[in-house]
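Overview (structure and organization)
Residues per chain are reported as follows:
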Amino acid sequence: MKLYAEVIINSEALEIDRPFTYKVPEEFNNEIKIGQIVKVPFGKGNKTSEGFILNLKNDDNIKFKTKNIAAILVKDPVIDEDDINLIEFLREKTLCKYIDAFRLLIPVGIMKGAKAKKKKVIVLKNEDLSNIKNPDGYKKIVEFFKTNSGKYTKSELINEHSISQYKLNKLIENEVLSIEEESVFRYNDRVYNKDSAKTLTIEQENIIREYINSDDKMFLLKGVTGSGKTEVYMKLVERVLLEEKSAIILVPEIALTPQMIERFKGRFGVNVALFHSKLSDGERFDEWFRVKEGKSKVIVGARSAIFLPAKNLGLIIIDEEHENTYKSEQNPKYQTKEVAEYLSELKGCKVILGSATPSIETYYRALTGEMKLLELNSRVDNKAMPPMKVIDMRNELKGGNKSLFSRELFIAIQERLKRKEQIILFLNRRGFSTFVSCRSCGYVFKCDECDISMTYHKNGLLICHYCGKTKREPRECPKCHSKYVKFFGAGTQRVEEEVKNIVVSHFMHYNRRRYSRPWVCQINNGKYDFSKEVGCFTGEDGDDGDLVVFEPVAGQVYAFGQKDYRGGNTEKSFCKWNGSEFQACDILGR
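Quantities reported herein were computed from a predicted structural model and do not represent experimental measurements.

Quick look at the overall build of the protein
Helix and strand counts for the protein come out as 17 helices and 24 strands. The buried share among the 590 residues of the protein stands at 49%. A sequence separation of at least 24 residues applies to 71% of the contacts in the protein between residues at least 6 apart. Of the roughly 30200 Å² of accessible surface on the protein, a fraction of 48% belongs to carbon and sulfur atoms.

Digging into the sheet that holds strand E3 (residues 37-42)
Strand order in the open sheet formed by 6 strands is E5-E2-E1-E4-E3-E6, with mixed pairing between adjacent strands. Strands with a single pairing partner mark the edges of an open sheet, and in this sheet they are strand E5 (67-68) and strand E6 (71-74). Looking at chain direction, strand E1 (residues 3-9) and strand E4 (residues 47-58) are connected through 7 bridges and run antiparallel. Bridging from a neighbouring strand, Glu-6 pairs with Asn-55 of E4.

Focus on the sheet that holds strand E20 (residues 470-472)
Within the open sheet, the 3 strands sit side by side as E18-E19-E20. Their pairing is antiparallel. Looking at which strands have only one partner, the edges of the open sheet turn out to be strand E18 (455-456) and E20. The sheet contact formed by E18 and strand E19 (residues 461-463) spans 2 bridges and is antiparallel. When the sheet's bridge partners are listed, Tyr-456 is paired in E19 with Leu-462.

A short note on the pairing of E1
Counting buried positions along E1 gives 7 out of 7 residues, so the element sits mostly inside the fold. The two faces of E1 match: Leu-3, Ala-5, Val-7 and Ile-9 on one face and Tyr-4, Glu-6 and Ile-8 on the other face are all buried. Looking at chain direction, E1 and strand E2 (residues 20-23) are connected through 4 bridges and run antiparallel. By the bridge assignment, Ala-5 is partnered in E2 with Tyr-22.

Quick notes on the nonpolar core
Considering soluble globular proteins, one finds that nonpolar side chains tend to be buried as a cluster. In this structure, Leu-86, Leu-90, Phe-102, Ile-316 and Val-339 are the most contacted members of the largest nonpolar core, which totals 49 residues. If we skip the residues at most four places from it in the chain, Leu-86 touches Leu-105, Phe-307, Val-339, Tyr-342 and Leu-343. Listed in part, the 29 residues of the second largest apolar core include Phe-219, Val-237, Phe-268 and Val-298.

Brief notes about the packing of helix H1 (residues 81-94) against helix H2 (residues 98-105)
Here H1 crosses H2 at 130°, and the two axes come no closer than 9 Å. Viewed along their axes, H1 and H2 adopt a mutual orientation that is oblique. In this structure, H1 crosses over H2, and the sense of that crossing is right-handed. Contact residues: H1 offers Asp-83, Leu-86, Ile-87, Glu-88, Leu-90 and Arg-91, while H2 offers Tyr-98, Ala-101, Phe-102, Leu-104 and Leu-105.

A few points about the pattern of salt bridges
By the definition in use, this model includes 29 salt bridges. Glu-12 is paired through a salt bridge with Arg-103; the nearest N and O atoms lie 2.3 Å apart. Taken together, the residues Glu-12 in the loop between E1 and E2 and Arg-103 in helix H2 connect sequence positions 91 residues apart. For Glu-370, the salt bridge identified is with Arg-365, shortest N-O distance 3.1 Å.

Topic: the side chain of Thr-94
Tracing the backbone shows Thr-94 in helix H1. A polar side-chain atom of Thr-94 sits 2.6 Å from the main-chain carbonyl oxygen of Leu-90. With residues near it in sequence (within four places) discarded, Thr-94 still touches Pro-332, Lys-333 and Tyr-334.

As for unusual backbone geometry
The omega torsion across Asn-331 and Pro-332 is -10°, close enough to zero to call that bond cis. Along the chain, Pro-332 falls in the loop between strand E13 (313-319) and helix H11 (336-347). Backbone geometry at Glu-244 places phi at a positive 60°, although glycine is not the residue there. When you line up the elements, Glu-244 lands in the loop between helix H8 (229-242) and strand E10 (246-250). Even without being glycine, His-481 reaches a positive phi, approximately 65°. With respect to the helices and strands, His-481 occurs in the loop between E20 and strand E21 (485-488).

As for the packing of aromatic side chains
Summed over all chains, the structure comprises 13 aromatic pairs. With 6.1 Å between their ring centres and 35° between their planes, Phe-285 and Trp-288 make a pair best called tilted. Here Phe-285 pairs with Trp-288, and both are found in helix H10 (residues 281-292), just 3 residues apart, close to one helical turn. Here Phe-285 matches Trp-288 in class, with each residue buried. Taken together, a centroid distance of 5.3 Å and an interplanar angle of 10° make the contact between Phe-435 and Phe-488 stacked. With Phe-435 in strand E17 (residues 435-438) and Phe-488 in strand E21, the pair connects residues that are 53 residues apart, well separated along the chain. Linked through ring pairs, Phe-285, Trp-288 and Phe-289 together constitute an aromatic cluster. Lying over the aromatic face of Tyr-98, Arg-91 brings its terminal NZ or CZ to 3.8 Å of the ring centre.

Brief notes about the environment of Ser-149
With respect to the helices and strands, Ser-149 occurs in the loop between helix H4 (136-148) and helix H5 (154-159). Relative accessible area serves as the criterion here: at 33%, Ser-149 is assigned to the partly exposed category. Between the C-alpha atom of Ser-149 and that of Leu-124, which follows or precedes it by 25 residues, the distance is 5.5 Å. Excluding residues within four positions of it along the chain, Ser-149 makes contact with Ile-122, Val-123 and Leu-124.

With respect to the confidence of the model for the protein
Averaged over all residues, the pLDDT of the protein equals 81, while 82% of them reach at least 70. Within the model, the stretch residues 512-523 combines pLDDT values under 50 with 26 contacts to residues more than four positions away or in other chains.

Conventions and cut-offs
- Residues numbered from 1 in each chain as written.
- Predicted model: local features only at pLDDT ≥ 70, side-chain atom pairs only at ≥ 80, totals over all residues.
- Heavy atoms only, no water.
- Helix = DSSP H or I, 4+ residues; strand = E, 2+ residues; numbered from the N terminus.
- Buried < 20%, exposed > 50% of the residue type's maximum accessible area, 1.4 Å probe, protein only.
- Contact = heavy atoms within 4.5 Å.
- Areas by Shrake-Rupley, 256 points an atom, 1.4 Å probe, with all protein chains shown as cover.
- Pairing = 2+ DSSP bridges.
- Core = buried A, V, L, I, M, F, W, Y, C linked by side-chain atoms within 4.5 Å.
- Axes fitted to C-alpha atoms, helices over the stretch in contact; angles between N-to-C directions.
- Parallel < 35°, antiparallel > 145°, perpendicular 65-115°, else oblique.
- Left-handed = near helix turned anticlockwise from the far one by under 90°.
- Salt bridge = Lys/Arg side-chain N within 4 Å of Asp/Glu carboxyl O.
- Polar contact = N/O pair within 3.5 Å; in protein donor to acceptor, adjacent residues only side chain to side chain.
- Phe/Tyr/Trp six-rings, centres within 6.5 Å; stacked < 30°, edge-to-face > 60°.
- Lys NZ or Arg CZ within 6 Å of the ring centre and 35° of its normal.
- pLDDT = per-residue confidence, 0-100.

Shown next, in the form of structure tokens:
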């Protein structure tokens with residue numbers, strides 16, 4: 001019976017978004033597998049194209065003319081049967097193309113010919129020196145390899161450890177030592193400070209017991225800020241590892257990944273893989289390969305990490321599940337929580353959605369019994385929730401204060417700085433002014449492509465924060481030609497300018513696009529007295545600066561005017577206020 005393969009061509013063209021049938025040559029019959037990458041002739045000119053094997057079938061009844069598979073490019077399958085089921089789920093749910101779904105599941109480097117980086121190391125096979133004359137001179141080398149087997153290459157042993165090349169060759173020749181290939185991983189081999197297990201509160205112990213004894217697959221862990229949700233995650237991951245299973249822990253922002261990886265690597269060591277979009281192609285391939293080989297059973301990353309080929313998946317944790325970054329804005333436009341729920345059905349693993357302020361949809365499902373609700377209502381050590389204060393800036397204006405900051409906020413900032421304490425000022429508006437308008441006719445300068453008001457920046461440009469289009473600073477109104485063009489609203493650049501006028505201190509401007517781990521260290525080490533978080537809602541969820549005691553929120557009232565089906569972003573603003581460890585809030589109103 002003839003063997004045929006259904007192949008997905010690696011092409012963006014919508015017209016060929018379907019499997020094509022190719023005959024498997026007899027010489028490939030014993031090595032062809034589902035999930036391999038192959039070379040096939042395609043089109044009228046038989047141009048060589050790459051493709052993925054979606055299915056294999058034996059069939060003598062195929063009447064149409066078929067072409068032969070030309071070569072097997074990657075012999076080890078890059079996807080398995082569960083991955084193919086996931087691809088079909090994504091196609092049905094998001095209406096994406098086959099190739100878009102395939103590219104989610106495999107690293108880009110594979111299509112560019114990336115391979116695991118290898119090095120040849122010397123390994124101790126046995127301690128038998130009976131075939132070597134004068135064995136006393138070799139005993140020290142054997143003793144060295146008892147604790148250093150597989151660590152060094154031949155050149156490293158000769159140049160760095162002063163071991164005789166002649167003696168090494170003699171031991172290899174007599175099969176005391178051998179040369180073996182070992183994978184070299186290109187990312188995150190830093191040794192982290194050990195993270196010791198914390199003593200659990202009674203509430204945390206009850207949550208873990210309830211989780212273990214439950215037959216449910218979907219859980220909502222609703223815990224107030226500082227209640228120890230991360231420690232619960234780590235205890236559950238420990239249990240998963242004892243069962244020889246894998247765990248995936250997702251965070252909403254790359255900005256939060258270093259903090260989570262520091263804790264998990266500090267607890268679980270090199271067993272942890274890190275995966276997000278800022279890794280290079282080689283680094284992404286290495287982490288994907290480590291997970292596929294089962295060398296990493298704990299995976300921490302942003303939403304794309306959910307597609308890693310974890311062996312024997314036992315648990316998926318989605319931290320800060322309310323964040324909208326779990327919804328992909330690129331094809332396939334998947335919702336990470338839906339993918340996690342499908343994987344739970346497919347692989348039988350459990351899923352925990354964690355948040356201090358769960359989304360309305362998730363909370364409703366938990367209250368109606370669609371998923372198990374677990375609650376942590378108290379903070380660790382019974383610490384009180386930080387006070388929150390709302391200040392109406394209209395009253396400040398009536399009192400003659402035309403500044404961006406209320407008098408109470410200004411006094412509080414000065415007091416904190418005198419005590420050598422730190423302040424984080426949060427504002428989710430980039431630029432200098434949030435919009436530009438004509439005072440004569442009311443015309444608002446908008447993006448020609450998006451019909452969204454453009455933001456003025458200090459470099460003299462109006463920028464659309466949706467598509468990136470720019471315009472020069474306007475001199476007159478294009479509608480009535482009036483010269484009375486005014487800049488309205490406060491962005492982060494304006495706040496920064498005003499802060500520098502009233503505060504002489506170490507000041508840092510933080511933006512999630514420039515986020516890096518050193519920033520966290522500099523804040524925690526007290527290098528900066530005053531930092532300003534800008535650009536996104538998730539910026540300070542999970543920022544654990546030990547010395548930060550005062551965290552005002554500037555201009556949050558503007559968030560209520562954003563277009564969103566959750567009542568003008570009211571829900572998101574509540575999540576921001578309630579989910580953060582605010583010592584005080586300053587609301588800049590209209």
